[in-house]
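So you can see what is in the structure, the chains are spelled out below.
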Amino acid sequence: MMTTFQPPERLLLGPGPTNVSPRVLEALSRPTIGHLDPEFLRMMDELRTLLQYVFRTRNPVTFVVSGPGTAGMEAAVVNLVEPGDKVVVCKNGYFGERLQAMVERCGGQVVPVEFPWGRAVDPQKVEDTLKAHPDTRVVACVHAETSTGALSDVKTLAQVAHRYGALILVDAVTSLGGVPVEVDAWDLDVVYSGSQKCLSCVPGLAPVTVNARAMEVIRRRRTPVQSWFMDITLLTAYWHGETRRAYHHTAPVNALYALHEALRLIQEEGLEAVWARHHRVYEMFRPAVEALGLAYLTPEEERVPHLNVLQVPEGVDEAVLRRRLLTDFGIEIGGGLGRLAGQVWRIGLMGVNAHPRPALYALYALEQVLKQR
Ligand SMILES: *Cc1c(COP(=O)(O)O)cnc(C)c1O
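All figures in this text were calculated on a predicted structure; none of them were measured in a lab.

Some points on the site of the ligand
Residues in contact with the ligand, as listed here, are P68, G69, T70, F95, V142, A144, T146, D171, V173, T174, Q196 and K197. With respect to the ligand, the backbone of G69 contributes an N or O atom lying 2.8 Å from an oxygen atom. One nitrogen or oxygen atom from the side chain of T70 is found 2.5 Å from an oxygen atom belonging to the ligand. Along the lines of polarity and charge, the residues of the shell around the ligand split into 5 nonpolar, 5 polar and 2 charged.

Some thoughts on the side chain of H35
Position of H35 relative to the elements: it lies in the loop between α1 (22-28) and α2 (38-55). Residue classification places H35 among the buried residues on the basis of a relative accessible area of 13%.

Topic: the packing of helix α11 (residues 318-329) against helix α12 (residues 356-372)
At a minimum axis distance of 10 Å, the contact between α11 and α12 shows a crossing angle of 125°. Judged on the interaxial angle alone, α12 and α11 are oblique. In this structure, α11 crosses over α12, and the sense of that crossing is right-handed. Two secondary-structure elements touch here, α11 through L321, R324, L325, D328 and F329 and α12 through Y361, Y364, A365, L366, Q368, V369, L370 and Q372. Of the residues assigned to the contact of α11 with α12, the class counts are 9 nonpolar, 2 polar and 2 charged.

Examining the domain arrangement of the protein
Under the domain assignment, the protein is made up of domain 1 (11-16 + 270-371) and domain 2 (22-266). For domain 1 versus domain 2, the distance between C-alpha centres works out to 26 Å. On the side of domain 2, 30 residues touch domain 1, which itself brings 26 residues to the contact. Regarding the contact of domain 1 and domain 2, the summed buried area is about 2,400 Å², with carbon and sulfur atoms giving 62% of it. By the criterion of area lost to domain 2, the three top residues of domain 1 are L271, W275 and E302, representing 27% of everything that side buries. Between domain 1 and domain 2 we count 3 salt bridges in total. Across the pair R339 and E97 runs a salt bridge, and its minimum N-O distance is 3.3 Å. For the side of domain 1 that touches domain 2, the element with the highest residue contribution is helix α10 (residues 271-291), accounting for 5 residues. Here the side of domain 1 that touches domain 2 is composed, by residue class, of 14 nonpolar, 7 polar and 5 charged.

Side note on the pairing of strand β13 (residues 344-348)
Taking burial as the measure, the 5 residues of β13 include 5 buried ones, the bulk of the element. Burial along β13 is two-sided: V344, R346 and G348 facing one way and W345 and I347 facing the other are all buried. Summarising the sheet, strand β11 (residues 307-311) and β13 pair through 5 bridges and their orientation is antiparallel. Counted as the bridge partner of L310 is W345 from β13.

Quick look at the pairing of strand β8 (residues 167-171)
Within β8, 5 of the 5 residues are buried, leaving the element largely enclosed by the surrounding structure. Along β8, one buried face is formed by L167, L169 and D171 and the opposite face, lined by I168 and V170, is buried too. Direction of pairing for strand β5 (residues 138-142) relative to β8: parallel, over a ladder of 5 bridges. Each residue of the ladder has a partner; that of V138, found in β8, is L167. Relative to strand β9 (residues 190-192), β8 is paired through 3 bridges, and the arrangement is parallel. The residue bridging D171 from the neighbouring strand is Y192, located in β9.

What to know about α2
Every α-helix winds through 3.6 residues per turn, so residues three or four apart in the chain are directed the same way. Compared with the 26 Å implied by 1.5 Å per residue over 18 residues, the 26 Å span of α2 between its first and last C-alpha is a close match. Residues of α2 that are buried include every one of F40, L41, M43, M44, L47, R48, L50, L51, Q52, V54 and F55, and no others. Taken together, the buried residues of α2 touch β2 (61-65), β9, β10 (206-210), α8 (232-239), α9 (253-269) and α10. One side-chain oxygen of the residue at the start of α2 lies 2.8 Å from the amide nitrogen of E39, identifying that residue as D37. Remark: R56 follows α2 within two positions and exhibits a positive phi of approximately 55°.

Digging into the environment of L176
By the secondary structure assignment, L176 is in the loop between β8 and β9. A relative accessible area of 1% places L176 in the buried class. In this structure the C-alpha to C-alpha distance between L176 and S195, which are 19 residues apart in sequence, comes to 9.3 Å. Not counting chain neighbours up to four residues away, the residues in contact with L176 comprise V54, F55, V181, S193, C198 and L199.

What counts as what
- Residues numbered from 1 in each chain as written.
- Predicted model: local features only at pLDDT ≥ 70, side-chain atom pairs only at ≥ 80, totals over all residues.
- Heavy atoms only, no water.
- Near = heavy atom within 4 Å.
- Polar contact = N/O pair within 3.5 Å; in protein donor to acceptor, adjacent residues only side chain to side chain.
- Nonpolar A, V, L, I, M, F, W, Y, C, P; charged D, E, K, R; others polar.
- Helix = DSSP H or I, 4+ residues; strand = E, 2+ residues; numbered from the N terminus.
- Buried < 20%, exposed > 50% of the residue type's maximum accessible area, 1.4 Å probe, protein only.
- Axes fitted to C-alpha atoms, helices over the stretch in contact; angles between N-to-C directions.
- Parallel < 35°, antiparallel > 145°, perpendicular 65-115°, else oblique.
- Left-handed = near helix turned anticlockwise from the far one by under 90°.
- Contact = heavy atoms within 4.5 Å.
- Domains from an automatic or database assignment.
- Buried area = accessible area lost by both parts, 1.4 Å probe.
- Salt bridge = Lys/Arg side-chain N within 4 Å of Asp/Glu carboxyl O.
- Pairing = 2+ DSSP bridges.
- Expected span 1.5 Å × (residues − 1).

Put into structure tokens, the structure is as follows:
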């Protein structure tokens, strides 16, 4: 007979998932009801309002894709990109590469704009590329590149894209709820995120918002979206059916309760206060982690404050130290992704972990394992 699975106690300070508040876990465990139950639909309407609040948008097409952040990325790409469409993909890390791969699978013609890993996207270089490719339909970029800790100026990138008649598609998986993401004020066309980073919810949900300009492009597609599951026009009939909601797929009912509660927590504290808290904890963490002899990969003014990407000191077997953090201190941090494997540590202080206590404990644990090496 199998015994019940009891997960160990962990402090999740990697690039996600982050720890989940007890209030969110309690919401998750409430009784499952039908996904077309009027009470459930009422909860979904509230959830949409909460999502509009964190995205800072009035877009009616604001909903949740039943899948992880990558599913949000896929939904954004498959709906916007048609075969033959020219797409400028800003590549300054691992997730830019994933975006490119998805655009290619949709038959899009990718014009990559490459930047060193660890640097933000340079809007001037994107503008030069658009000048050379005036028939570009979409500019795709990652706001907070989780592989390197670089934060790009998507407000300026949106202005550049629009100046050349292109839409802007933004990955806000690691930025939403940690730093300002101003969907309306910055005029971002399609933005997706994930539940398990700064939102501190369980993994497996991808909030998405689409503005009127992008919806018009989607409505005018020459070809149907090749993914039935991800087709926004079908999905919105479930999320936004005015008089009746059409069955599309069975919503992850309990996970949506959890997201509702996670967003309520943010609303209670106030979104701006949440951003400020993430920044305060970074300001506290940075000098202390530098005093341990660790250097950031990304220049100060281009950093994601809540994801500390630090270079592994010369001669250190980073996997051994990471393992010791886990076994001796119960702390999970991230290693390097893609071409940065073995070279960096990624320490997230996101969501419920963007507080002094987890940061101080991580500093103490890091000091101990660095001393023992
Ligand atoms: C984590 C992440 C994703 C993917 O999210 P999953 O939930 O792991 O699928 C996409 N983009 C960025 C920038 C991320 O940090």
